Amino acid sequence: MTYLTDGTITVSLHSTYDTRRNSELIIDRSRNIGGKSFDKLWSVYDQFDLPINYTTNSDACQINQWWENTNELTFFYDSTSYQVYIISEDQPFQQLVEPYHDEWTGIINLGVL
């Protein structure tokens, strides 16, 4: 089971089998006047992409609120805990699951600190 918590509220996540863990690089690429390329590695961080289906209204609202407030969260995955932020560009939950009107679907992007 996968959980996301801010220390007081815990949300159980029912992710699909498409959950991915990636490493993201922040690189500055530039060229000098002679045309030689220079790469500066600024940082590397891990990232999780969690497709979520059938989330309740209250859980979807809570996760969207954490995204809006940029809360630091604890993510429990495969019996390991990670300190994370929700780094999705848009709100994680914006679409209802058809034909239901009380369950949401979305993708949560988490950046590991």
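See above for the structure.
About the cut-offs
Residues numbered from 1 in each chain as written. Predicted model: local features only at pLDDT ≥ 70, side-chain atom pairs only at ≥ 80, totals over all residues. Heavy atoms only, no water. Helix = DSSP H or I, 4+ residues; strand = E, 2+ residues; numbered from the N terminus. Rg over C-alpha atoms; globule rule 2.2 N^0.38 Å. Buried < 20%, exposed > 50% of the residue type's maximum accessible area, 1.4 Å probe, protein only. Areas by Shrake-Rupley, 256 points an atom, 1.4 Å probe, with all protein chains shown as cover. Lys, Arg positive; Asp, Glu negative; His and termini not counted. Charge placed at Lys NZ, Arg CZ, Asp CG, Glu CD. Contact = heavy atoms within 4.5 Å. Phe/Tyr/Trp six-rings, centres within 6.5 Å; stacked < 30°, edge-to-face > 60°.

(A) Expanded view of the overall build of the chain. Looking only at helices and strands, the chain has one helix and eight strands in total. Taken from the N to the C terminus, the helices and strands of the chain come in the order β-β-β-β-α-β-β-β-β. Against the globule reference of 13 Å for 113 residues, the chain gives a C-alpha radius of gyration of 17 Å, more extended than a compact globule. For the chain, the spread of C-alpha atoms along the three principal axes comes to 60 × 30 × 30 Å. Expressed as a percentage of the 113 residues in the chain, the buried residues total 32%. For the chain, the exposed surface amounts to about 7500 Å²; the carbon and sulfur share of it is 48%. Side-chain charges in the chain split into 6 positive and 16 negative, and the spacing between the mean points of these groups amounts to 23 Å.

(B) Geometry of the environment of threonine 16. Structurally, threonine 16 can be placed in the loop between β2 (10-13) and β3 (20-31). With relative accessibility at 24%, the residue threonine 16 sits in the partly exposed group. Along the sequence, threonine 16 and asparagine 53 sit 37 residues apart, while their C-alpha atoms lie 7.2 Å from each other. Residues in contact with threonine 16, not counting those within four places in the same chain, are Pro51 and Asn53.

(C) Summary view of the packing of aromatic side chains. Applying the stated criterion across every chain, the model contains five aromatic pairs. Three or more aromatic residues link up through ring pairs in this structure, and these residues are Phe48, Phe75, Tyr77 and Tyr82.

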